[in-house]
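# Understanding the architecture of this molecule
Below are the chains, spelled out letter by letter.
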Amino acid sequence: MPNRSKGSPVGRIYLDNNSTTSIDPRVAAAIEPYIREAYGNPSNLHSYGRECAEGLAEAREQVAAFIGADVEEVFFTGSGTESDNWAVKGVACAVGPGKHIVTSPIEHGAVLGACRYMGELGWKVSLLLVDGYGRVDPEAVRRALTDSTALVSVMLVNNEIGTIEPVRKIAAICHERGVLCHTDAVAAVGKIEVAVDDLGVDLLTISGHKLHAPKGIGVLYVRRGTEIHPFIHGGHQERGMRAGTENVIGAVGMGKACELLRNEWREDAARMKQLRDRLERGIVERIAEIQVSGHPENRVCNVLHVTVGYIEGEALLLSLDLEGVAVASGSACSAGEGDASATVEAIGISPLFRNSPVRFSLGRDTTEEEIDRTIDVFEQVVGRLRDISPLWTNRSG
Ligand SMILES: *Cc1c(COP(=O)(O)O)cnc(C)c1O
């Protein structure tokens, strides 16, 4: 176990739920029998195998019910990253060489990386422009489509700034031209309605550890009849589409987490929105020269992304951590790389602000006391860093 004694004496505050979430105790309880007793291989016909196959089948039903899919359209994978890769490469392989993909510059690295790879293999890849809120214009999607376009992939919610993308409109435009539409819904589930028929998408990605299930489990929803090749070859698991002995523990956790969300997400979301708005008001009122990113209305309830002028993001993150407040600077996936995040780049934040993106992502356990303490700590830390920042001292105007 990690050494927890270094935490803040008043308790740590976790505001990085878009990087990962805690495992819900009820999810842990659902998993436990599969850790301790039911260790069979679901492919086996004996009772050990069957009890695991049953757990897997129930999990698939729970996921399907949550996103409004049929069970045959739900495929378990090893992560959200794998689901994104499979959607892009699996469709590309089914369509044949040298076709065209359309995506946005603010996608998760899993989609962008897979598209870049297809580019290396001779596919044409178009990156749509986004506006200052990070919104993709559906009409820009229409203009980008050509006779050789095979797939459009636009995320439902941007994980860094929380902007909600007009995916339903984008999917409708795709279908007018017979083009498949994938959406990465990892940062959307639990915050807004995610229903595959309402969205009209052909493929949709979710990830377990972003919704209070374990890490190492993802789902790709594939609408019946969609032409897609398998991504992992080998055994006949997942109806021949994703080989490898199933992660029963992960899948059972994912299923339980989806069942819980189905009943609880609206209430959770309303509470997170209240707290996020409180955090935003507190910070904006108390700190000068700070900008809030993302769309004012079309933004998920749990994200506050700000850029703080005249200081450096890494120093800010580490100072907050010393005070026991865990946030993200840019996105977790780009941490340590030292580049400005692609999203921050794409929405055109001015250079004085670009270096200090801070993402607060609330969870369903976040409390009002935590928010109020975070506002105090943030004000102190920004003040301290600005006191020693020549940029701040020498600023004009
Ligand atoms: C976290 C995340 C992923 C990747 O999911 P993993 O299960 O961590 O691989 C993909 N897309 C978005 C938007 C994410 O936030």
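Use the structure listed above.
My aim in this report is to walk through the structure given alongside it, one point at a time. (Residues numbered from 1 in each chain as written. Predicted model: local features only at pLDDT ≥ 70, side-chain atom pairs only at ≥ 80, totals over all residues. Heavy atoms only, no water.)

### Some points on the packing of aromatic side chains
Scanning the model with the defined rule gives four aromatic pairs in all. For the pair Tyr39 and Tyr48, a centre-to-centre distance of 5.8 Å together with 45 degrees between the ring planes defines the contact as tilted. For Tyr48, a relative accessible area of 43% gives the class partly exposed. Here the aromatic rings of Tyr310 and Trp392 are separated by 5.4 Å at their centres, their planes lie at 70 degrees, and the arrangement is edge-to-face. On the criterion of sequence distance, the pair formed by Tyr310 in the loop between strand S10 (303–308) and helix H9 (313–322) and Trp392 in helix H13 (residues 390–393) is long-range, its members being 82 residues apart. The same class applies to Tyr310 and to Trp392, which are both buried. (Phe/Tyr/Trp six-rings, centres within 6.5 Å; stacked < 30°, edge-to-face > 60°. Buried < 20%, exposed > 50% of the residue type's maximum accessible area, 1.4 Å probe, protein only. Helix = DSSP H or I, 4+ residues; strand = E, 2+ residues; numbered from the N terminus.)

### Here's the deal with the environment of Thr393
Tracing the backbone through its elements, the reader meets Thr393 in helix H13. On the accessibility criterion, Thr393 (54% relative accessible area) is exposed. Spatially, the C-alpha atom of Thr393 lies 9.0 Å from that of Tyr310, the residues being 83 residues apart in sequence. One polar contact links the side chain of Thr393 to the main-chain carbonyl oxygen of Ser389, over a distance of 2.8 Å. (Polar contact = N/O pair within 3.5 Å; in protein donor to acceptor, adjacent residues only side chain to side chain.)

### Quick notes on the site of the ligand
Near the ligand, the surroundings consist of Ser79, Gly80, Thr81, Asp84, His108, Met155, Asn159, Asp184, Val186, Ser207, His209 and Lys210. Taking Asp184, its side chain carries an N or O atom lying 2.6 Å from a nitrogen atom of the ligand. When isolated, the ligand has an accessible area of 380 Å², and the protein chains bury 90% of it. When residues in the shell around the ligand are grouped by element, the largest group, three residues, is from helix H3 (residues 80–95). Tallied by class, residues from the shell around the ligand come to two nonpolar, seven polar and three charged. (Near = heavy atom within 4 Å. Areas by Shrake-Rupley, 256 points an atom, 1.4 Å probe, with all protein chains shown as cover. Nonpolar A, V, L, I, M, F, W, Y, C, P; charged D, E, K, R; others polar.)

### Considerations on the pairing of strand S8 (residues 218–222)
Of all five residues making up S8, five are buried, and the element is well covered by its neighbours. When strand S7 (residues 203–207) meets S8, the two strands line up antiparallel, connected through five bridges. The partner of Thr205 across the bridge, within S8, is Leu220. (Pairing = 2+ DSSP bridges.)

### So, helix H4 (residues 109–120)
Taking 1.5 Å per residue as the helical rise, H4 with its 12 residues ought to reach 16 Å, and the 16 Å between its terminal C-alpha atoms agrees with that figure. Turning to H4, its buried residues are Ala110, Val111, Leu112, Ala114, Cys115 and Met118. Two residues or fewer past H4, Gly122 is found with a positive phi of approximately 100 degrees. (Expected span 1.5 Å × (residues − 1).)

### A few points about the environment of Arg271
By the secondary structure assignment, Arg271 is in helix H8 (residues 248–286). Considering only alpha carbons, one finds Arg271 and Leu180, 91 residues apart in sequence, at a separation of 35 Å. A polar side-chain atom of Arg271 sits 3.1 Å from a polar atom in the side chain of Asp268. At a separation of 3.1 Å, a polar atom in the side chain of Arg271 contacts the main-chain carbonyl oxygen of Arg364.

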